[in-house]
Amino acid sequence: MNVRPAKVWNYFEIAAEIAFSKDFDRHFFLGAVGVRNDGAIVSSLNGMCEEPNRLVHAEYKLSRKLDVGSVVFVARVAKKDKTFAMAKPCFSCEKVMRSKGVKKVYYTIGADQYEILRLK
C-alpha cells in the first residue's frame, strides 16, 4: 500500500474522530486506524486504566484486527485544543504489530508533522 501525504492526514483525522468517540476524562485522546490487505479499514481507541497496561492501548487492541502487510495510522489529540501530538507506539505495541506482520506505522509527532515506523 502506497500512501500519499494528503491521504495520511485523512487517516489521522479518522483516528482523531475514533479517539473522541468515547468521552473519557483525560488530557489527550489516542486513536488508531488500520488498513488491511483486503482494503478493510479497522479502528480502535485507547481505553481507561488506573495502572499502565498495554491491553488498553489503541495499537494493541487494533492489532487483533490486522493481517500481514497492514498499514497503521496512530493519532494522539490534545483534549484542550484538538491539536495532534506525539503518538509513537510503545515498545510492547510495536512488538505486537511486528508479530502480526504490520508493514508500516504512521504516527503524529506534532500539529503538522508525522513519522513512519517501518516494521518489515
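Here goes a summary of the coordinates provided.

The rules behind the values
- Counting of residues starts from 1 at the beginning of each chain's written sequence and follows it residue by residue.
- Since the coordinates come from a predicted model, pLDDT governs what is reported: local features require at least 70, and pairs of side-chain atoms require 80 or more to be given and counted, while whole-chain, interface and lining totals use all residues.
- As a rule here, side-chain values come from all non-hydrogen atoms in the structure, and water together with hydrogens is ignored.
- Secondary structure counts use DSSP, requiring at least four H or I residues in a row for a helix and at least two E residues in a row for a strand, with both numbered from the N terminus.
- For every residue, the accessible area obtained with a 1.4 Å probe (protein chains only) is divided by the maximum for its type, and the residue is called buried under 20%, exposed over 50%, and partly exposed between those limits.
- Residue contacts are counted whenever heavy atoms from the two residues lie within 4.5 Å of one another.
- Under the convention used here, a 1.4 Å probe and the Shrake-Rupley method define accessible areas, while residue burial counts only the protein chains that appear.
- Each Phe, Tyr or Trp ring (for Trp, its six-membered ring) is paired with any other whose centre lies within 6.5 Å, and the angle between the two planes then decides the class: stacked below 30 degrees, edge-to-face above 60, tilted in between.
- Two thresholds decide whether a charge sits over a ring: the Lys NZ or Arg CZ must be within 6 Å of the ring centre and within 35 degrees of the ring normal.

### Comments concerning the overall build of the protein chain
A count of helical and extended segments in the protein chain gives 3 helices and 6 strands. Secondary structure elements of the protein chain, listed N to C terminal, follow the sequence α-β-β-α-β-β-α-β-β. Looking at the protein chain residue by residue over its 120 residues, the buried ones come to 43%. For the protein chain, contacts bridging at least 24 residues in sequence account for 57% of all contacts bridging at least 6. Summed over all atoms, the accessible surface of the protein chain reaches about 6800 Å², with 50% contributed by carbon and sulfur.

### Focus on the packing of aromatic side chains
This model, assessed by the stated rule, comprises 10 aromatic pairs. Note on Trp9 and Phe12: the rings are 5.0 Å apart at their centroids and 70 degrees apart in plane angle, and the pair reads as edge-to-face. Placement of the pair is Trp9 and Phe12 together in helix α1 (residues 5–19), with a separation of 3 residues, close to one helical turn. The interplanar angle of 80 degrees and the centroid separation of 6.3 Å between the aromatic rings of Phe12 and Phe73 together place this pair among those described as edge-to-face. Of this pair, Phe12 sits in helix α1 while Phe73 is found in strand β3 (residues 71–78), placing the two residues 61 residues apart along the sequence. With respect to class, Phe12 is no different from Phe73; both count as buried. A cation over a ring is seen here: Lys82 above Phe20, with NZ or CZ 4.9 Å from the ring centre.

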